[in-house]
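Remarks on the overall topology
These are the residues of each chain, in order.
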Amino acid sequence: MELSESVLKGLQTLADPNVFDLKSFTTFTEVAFDSLDSSRGESVLGHPELRHIDQTTLKHCHTAATTFILEGVKQNADKSTISSCLEDVRFQNERVDTFYNSFQFIYLFMLLSTDTCPPHITDAEWRLEYCIKNSHVHKVNQPSYLISLNTERAGASSEINFSCTMDQLQDLVGKMKDAAKSLERATQS
């Protein structure tokens, strides 16, 4: 993997037992990997077991570790690739194993959370709004449409709201008609 000089320096600092003892390293690794899961999102900076480490060093190492993790996932890196990269920046075998075990977990999590199915529009509502003046007391005299799309993905419903001009709405309707025609042609073939 090609990594920037900054990422390599951050990983070297993370590998240094004088900066991160094994307990701090393990905690840092867990929190860094957890931060990639937005539902858990605990910060490395506020963690009580990492308070003895300089905050700037923590930020730099967290950025480097996160970049390395995401680059590894992007390139579908295997254990030998991860291990050789980490050993190049002086990670000890025990730290490589700890890091790789967490990497496997987050890699699997990212694969499972990748959703290739877009949300389905179940309902649409619209309202015409006519703006006479704006907040600067200038005359505008323009209509706009407030659109509300109710969507559903994997049983969970959500609402998408936006506003658009007449031209934008006509463009949207035209694109949706084109998409419907393309879908109809694809199903007939």
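What this report covers is the structure whose coordinates are included nearby.

Conventions and cut-offs
- Along each chain, numbering runs from 1 in the same order as the chain's sequence is written.
- Given that this is a predicted model, residues contribute local features only at a pLDDT of at least 70 and side-chain atom pairs are listed and counted only at 80 or more, while totals for whole chains, interfaces and linings are drawn from all residues.
- Each side-chain value is derived from all of the structure's non-hydrogen atoms; neither hydrogens nor water enter the calculation.
- Each Phe, Tyr or Trp ring (for Trp, its six-membered ring) is paired with any other whose centre lies within 6.5 Å, and the angle between the two planes then decides the class: stacked below 30 degrees, edge-to-face above 60, tilted in between.
- The helix count covers DSSP runs of H or I at least four residues long, the strand count covers runs of E at least two residues long, and both are numbered beginning at the N terminus.
- Partly exposed describes any residue whose relative accessible area lies between the buried limit of under 20% and the exposed limit of over 50%, with all areas from a 1.4 Å probe on protein chains only and scaled to the type maximum.
- Here, nonpolar core means buried Ala, Val, Leu, Ile, Met, Phe, Trp, Tyr and Cys residues that are tied together by side-chain atoms lying within 4.5 Å of each other.
- Any two residues whose heavy atoms approach within 4.5 Å are treated as being in contact.
- For this analysis, a salt bridge means a side-chain nitrogen from Lys or Arg found within 4 Å of a carboxyl oxygen belonging to Asp or Glu.

**Points about the packing of aromatic side chains**
The tally for this structure, following the rule as stated, stands at 7 aromatic pairs. When the ring of Phe 25 is compared with that of Phe 91, the centres are 5.7 Å apart and the planes differ by 75 degrees; the resulting orientation is edge-to-face. Here the residue Phe 25 occupies a position in helix H2 (residues 22-34), and Phe 91 occupies one in the loop between helix H4 (79-88) and helix H5 (93-113), the gap between them amounting to 66 residues. We note that Phe 25, like Phe 91, is buried. Among the aromatic residues, those joined into a cluster by ring pairs are Phe 25, Phe 33, Phe 68, Phe 91 and Phe 99.

**A look at the nonpolar core**
Counting residues in each nonpolar core, the largest one holds 33 residues, and the members touching the most others are Leu 11, Leu 14, Phe 28 and Phe 91. Only helix H1 (5-15), H2, helix H3 (55-74), H4 and H5 provide two or more residues apiece to this core. Per element, the largest residue contribution to this core is 7 residues, and it comes from H3. In this structure Leu 11 touches Leu 3, Ala 64, Ala 65, Phe 68, Val 89 and Phe 91, once residues within four positions along its chain are discounted. Residues Tyr 145, Ile 147, Cys 164 and Leu 169 belong to the second largest nonpolar core, which totals 5 residues.

**Quick notes on the pattern of salt bridges**
Counted by the stated rule, this structure contains 3 salt bridges. Its salt-bridge partner being Lys 74, residue Glu 71 comes within 3.8 Å of it at the nearest N-O pair. One end of the pair is Glu 71 and the other is Lys 74, both in helix H3 and 3 residues apart, which spans about a single turn. Look at Glu 71 and you get buried, because its relative accessible area is 17%. Accessibility expressed as a relative area gives 66% for Lys 74, which makes it exposed. The partner of Glu 129 in a salt bridge is Arg 127, with the nearest N and O atoms 3.9 Å apart. Relative accessible area serves as the criterion here: at 35%, Glu 129 is assigned to the partly exposed category.

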